[in-house]
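One letter stands for each residue in the lines below.
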Amino acid sequence: MTDTVLSVRNLQVEFASRRGTLRAIDGVSLDIAKGEVLGVVGESGAGKSVTGLAVIGLIDPPGRIAGGEIHLSGMRIDNLPPEEMRRVRGKRIGMIFQDPLTSLNPLYRVGDQIVETIRTHLNLSEQAARRRAIDLLAEVGIPAPEKRIDGYPHEFSGGMRQRVVIALAICAEPELIIADEPTTALDVSVQAQIISLIKRLGRDHGTAVMLVTHDMGVIAETSDRVAVMYAGRVAEIGPVQDVVKNPLHPYAKGLMGAIPTLAGDDKRLVQIPGSMPRLSAIPRGCSFNPRCAFAFDRCRVERPEPLRQGAQSVACHLYDKAPAENAA
Amino acid sequence: MLAFTLRRAVQAIGVMFAVGIIAFSMFRFAGDPVNQIVSIDTSAAEREVVRKSLGLDDPVPVQFVRYFADAAQFKFGVSYQFRQPVSTLLMERMPATLELAICATIFAMVLGILMGVYSALKRDTMLAKLFQAVSLIGISLPTFLIGILLIYLFAVTLGWLPSFGRGEVVKLGWWTTGLLTLSGLKALIMPSITLGLFQMTLIMRLVRAEMLEVLRTDYIRFARARGLTTRAVHFGHALKNTLIPVITVAGLQFGSVIAFSIITETVFQWPGMGLLFVQAVQNVDIPIMAAYLLMVSLIFVTINLAVDILYTVVDPRLRSTVGRAA
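Let me begin by describing the structure that accompanies this report.

Parameters at a glance
Residues numbered from 1 in each chain as written. Chains lettered and ligands numbered in written order. Predicted model: local features only at pLDDT ≥ 70, side-chain atom pairs only at ≥ 80, totals over all residues. Heavy atoms only, no water. Core = buried A, V, L, I, M, F, W, Y, C linked by side-chain atoms within 4.5 Å. Buried < 20%, exposed > 50% of the residue type's maximum accessible area, 1.4 Å probe, protein only. Pairing = 2+ DSSP bridges. Helix = DSSP H or I, 4+ residues; strand = E, 2+ residues; numbered from the N terminus. Axes fitted to C-alpha atoms, helices over the stretch in contact; angles between N-to-C directions. Contact = heavy atoms within 4.5 Å. Phe/Tyr/Trp six-rings, centres within 6.5 Å; stacked < 30°, edge-to-face > 60°.

### Side note on the nonpolar core
Phase 1: Within the largest apolar cluster, 94 residues are counted, with the highest numbers of intra-cluster contacts made by L6, I93 and L176 of chain A.
Phase 2: In this structure, V19, F24, M94 and A187 of chain B belong to the second largest nonpolar core, which totals 46 residues.

What follows is the structure, given as structure tokens:
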């Protein structure tokens with residue numbers, strides 16, 4: 001696997017709180033190859049965003065990376081000193097946040113913010129950086145970029161602002177883009193444009209993309225592979241077609257069953273009973289066992305480790321020893 | 001933008017008109033001005049002559065219009081105690097007060113912003129906690145007490161600084177300045193600190209609170225995710241956003257600095273407008289009191305206007321809303 005851009009191994013993130021240490025991420029492992037889009041789905045609080053923040057090194061105290069390793073193109077980055085990690089951010093990893101309306105500093109022209117970022121990472125003159133900024137704005141689909149570059153963020157619509165944010169994320173040609181719910185705050189019509197933009201940029205530049213979202217539709221449209229997260233762990237990971245069509249983990253099955261189809265069948269959508277446990281009260285054994293219809297004794301005692309099932313990998317005791325039994 | 005400025009200017013004139021009514025009514029309700037001027041054994045006929053010469057026998061509206069028209073040209077009548085035009089007296093005293101107020105404000109802004117930024121960025125250090133504790137003292141100790149303590153320490157005990165007055169002053173046209181002589185500068189130190197201490201602690205606490213707020217915003221997180229240097233994030237992005245509310249408060253506080261310089265000027269016998277006002281109150285010198293009221297409100301209104309305009313310079317969002325509304 002020489003073209004692996006991001007490799008996360010057994011990542012653990014903890015938050016110190018008054019009632020003891022909460023483990024938000026507990027043993028997450030995933031890989032993203034060059035040019036690949038990995039979708040990360042799960043309910044709120046499943047640890048999707050924290051995983052993204054951990055990779056880019058922006059976990060703020062009281063949170064900390066408590067264990068595991070993060071490698072970027074073979075270089076270990078989770079233990080870099082702050083100043084070196086800063087150089088990685090923006091240059092080698094670009095990040096896109098959820099809300100484009102608040103991601104840009106309202107007091108600076110968008111051009112100044114792009115030029116500032118370019119000149120932080122690349123050794124370019126003011127004019128060269130400005131030319132590059134105009135090219136970037138054109139690339140992300142902003143009309144009349146040579147005029148819009150002198151606009152302030154409030155003069156852009158939400159979708160246009162997210163394009164500016166994307167331009168900022170790719171301005172130093174990063175190897176990896178982390179997009180944290182990039183379309184959640186946008187209109188549906190704009191969502192599709194932003195998704196295809198991210199996909200196109202990933203393809204054109206061979207950038208690996210980690211797409212964090214709770215929207216299965218977005219994942220199905222964009223991703224090559226998908227990781228389903230639950231309570232700080234990866235429940236299932238695999239090629240998007242397999243996971244959507246043939247989910248293995250009972251939680252993933254529940255998630256896919258909850259996607260409405262346009263086929264018009266009037267069946268009720270499947271609901272997963274209960275809700276995700278709070279971080280302070282994660283059950284023993286498999287964290288999904290209280291909500292799982294297939295749970296048996298072992299699930300309540302022993303934590304399942306990821307098991308390979310063809311191209312997929314699933315953390316569920318059902319697939320231990322009896323692979324085919326429940327796979328339908 | 002122009003329409004916005006004009007609209008604000010019209011509002012300002014309205015405020016000044018209202019203050020004018022209050023200032024004028026002081027003459028009517030604070031006793032008979034003639035009694036203040038003449039001595040006890042002046043005859044009734046002579047009193048009438050004085051009354052007539054001052055125009056006090058005209059109907060009230062006529063007197064008001066005359067007073068207002070004069071005030072608009074900075075003519076505030078003649079002081080009862082000094083027998084000099086009030087405007088001359090105020091002009092003589094104004095440089096002293098303005099120099100003191102400006103020095104105090106600069107002291108408050110520079111130290112307040114520096115200490116505020118430091119205690120926001122290094123929240124858990126001993127020094128930041130010390131600043132917080134000191135700011136509590138600064139906010140709760142009354143001005144005159146600080147002034148007296150400073151005088152006791154630096155003038156009486158150590159003998160480093162003069163305890164009263166402006167020191168030697170240099171005349172530049174009608175303006176007198178203490179900034180060009182050593183004794184003038186030395187005389188400025190303690191009054192400036194006394195006058196500016198409250199504002200300094202206020203600004204420090206405000207900057208700290210605002211800065212902590214701004215550091216939590218998405219665009220700061222995004223700025224960090226873009227890999228900008230810590231310095232660029234803190235001083236380029238965070239501080240500029242912090243300064244918007246600080247400008248307002250500091251601007252409005254400049255008005256109060258001038259108004260509250262009365263106490264500081266009294267403690268340090270500083271020959272400014274505040275001291276003149278205190279003397280006027282003691283002697284029921286209504287023309288000075290009325291003129292002082294008008295002057296202070298003029299300063300307040302002007303500062304408010306300037307702050308509003310400055311706002312739009314700093315914040316581009318206001319520029320466009322202002323433009324659209326106009």
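### A short note on the sheet that holds strand β8 (residues 208-212) of chain A
Residues and elements named next belong to chain A.
Phase 1: Reading across from one edge, β6-β7-β8-β3-β9-β10-β12-β11 is the order of the eight strands in this open sheet, with mixed pairing throughout. Because the sheet does not close on itself, it has two edges, and the strands there are β6 (93-96) and β11 (307-309). This sheet shows a mean twist of 20° between the axes of neighbouring strands, independent of strand direction.
Phase 2: Both β11 and strand β12 (residues 312-314) contribute to a ladder of three bridges, which runs antiparallel. Bridging from a neighbouring strand, R308 pairs with S313 of β12.
Phase 3: The strands that helix α11 (residues 250-257) touches are β9 (225-230) and β10 (233-239); relative to β9, the one it contacts most, it runs at about 110°.

### Observations concerning the side chain of Q199 of chain B
Residue and element names in this part refer to chain B.
Phase 1: If you trace the backbone, Q199 turns up in helix α8 (residues 182-215).
Phase 2: Since its relative accessible area comes to 6%, Q199 is described here as buried.
Phase 3: Sequence-distant contacts of Q199, defined by excluding residues within four places in its chain, comprise A108, Q253 and V257.

### Observations concerning the packing of aromatic side chains
Phase 1: Scanning the model with the defined rule gives 13 aromatic pairs over all chains in all.
Phase 2: Judged by centre distance (6.0 Å) and plane angle (80°), the rings of F97 of chain A and F222 of chain B are edge-to-face. Residue F97 of chain A is found in the loop between β6 and α3 (100-103), and its partner F222 of chain B is found in helix α9 (residues 218-225); the two belong to separate chains.
Phase 3: For F97 of chain A, a relative accessible area of 2% gives the class buried.
Phase 4: Centre to centre, the rings of F64 of chain B and F68 of chain B are 5.6 Å apart; their planes meet at 35°, and the pair counts as tilted. With F64 of chain B and F68 of chain B both in helix α4 (residues 60-72) and four residues apart, this pair spans about one turn of that helix.

### A closer look at α11 of chain A
Phase 1: Along α11 of chain A, six of the eight residues are buried, which leaves the element largely enclosed by surrounding structure.
Phase 2: On the buried face of α11 of chain A, the contacting elements are α9 (216-222), β9, β10 and α10 (240-245) of chain A.

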